[in-house]
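# Per-entry structural report
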Amino acid sequence: MSRSLRLFSIGPRIQKQGARLVVTTALRLRILSLGAFCRQVVVEPRKGWLMIHDRQFWFVERTRLIPFEQVEVVIYGFEDWTFGGWFFRARNTQELFRVGLRLRSGRELDLFRFYGEGPFVNESYLPDWWFWDEFATDATGTQEQESRLLVELLSKMIGVRVDRPRWG
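One structure accompanies this document, and this report is about it. For every chain, the first residue of the written sequence is number 1, and numbering continues from 1 onward in sequence order. Reporting of local features is limited, given that this is a predicted model, to residues whose pLDDT is at least 70; pairs of side-chain atoms are given and counted only at 80 or more, and all residues count toward the totals for whole chains, interfaces and linings. The side-chain numbers reported here are obtained from all heavy atoms of the structure, hydrogens and water having been left aside.

## Focus on the sheet that holds strand E3 (residues 13–17)
- Being paired, for any two strands, means DSSP has found at least two bridges between them. For the purposes of this entry, the term helix denotes a DSSP run of H or I that reaches at least four residues, the term strand denotes a run of E that reaches at least two, and both are numbered from the N terminus. Overall, antiparallel pairing links the five strands, which are arranged E3-E4-E5-E6-E7 in an open sheet. Where the open sheet ends on each side, the last strands, each with one partner, are E3 and strand E7 (60–67). Direction aside, neighbouring strands of the sheet carry axes that sit 15 degrees apart on average.
- Where strand E5 (residues 37–44) and strand E6 (residues 49–56) come together, eight bridges link them in antiparallel fashion. When the sheet's bridge partners are listed, Cys38 is paired in E6 with Arg55.
- The strands that helix H3 (residues 143–158) touches are E3, strand E4 (20–24), E5 and E6; relative to E4, the one it contacts most, it runs at about 145 degrees. Convention adopted: a line fitted to C-alpha atoms gives each axis, helices being fitted over their contacting stretch, and angles between N-to-C directions are expressed from 0 to 180 degrees. The contact criterion used is simple: two residues touch if any of their non-hydrogen atoms lie within 4.5 Å.

Below you can see the structure in the form of structure tokens.
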């Protein structure tokens, strides 16, 4: 039985400001990069657009305005980032969920990534009870729930379906 804890995941901050949805790079990542990298996505359903504002290397800033009509689908992908999964058959997993957009032009934009500790997995020849202490103390991050929330919000606000990315 695992417990989900925000402490074990890194993901963007998701806020509602009036009718707008504002998603910003995680504070931990902004601190680790000393403010060099930051992304903010603002979804404005009343006006029918979303704005992506990026800051890279403190001085390089770029803002893109994307009308909803240009968005084909919201893309949602998963990657297993567990180190040594092929060697250690019983292990704690590391998960990465990616949220983005596929435009009608075919271009895919990677918006945000949610990273965190996943559940304990036993793929070894030993029975599960052999790892009872790992199962009993297993804690996972909230990256899956938060990434799904963002995908559902984007899909409903923009009015498009969800699909798998071509990059994942």
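Structure shown, so let's carry the discussion forward.
## Here we look at the environment of Arg104
- In this fold, Arg104 is placed in the loop between strand E9 (90–103) and strand E10 (108–122).
- Distance in space between the C-alpha atoms of Arg104 and Gln70 is 5.5 Å, their sequence separation being 34 residues.
- The residues contacting Arg104, other than those within four sequence positions of it, are Glu69, Gln70, Val71 and Glu72.
- From its side chain, Arg104 meets the backbone oxygen of Glu69 in a polar contact 2.8 Å long. N or O atoms closer than or at 3.5 Å make up a polar contact, with two conditions inside protein: a donor-capable atom paired with an acceptor-capable one, and, for residues adjacent in sequence, both atoms drawn from side chains.

By themselves, these figures tell us nothing about what the structure is for.
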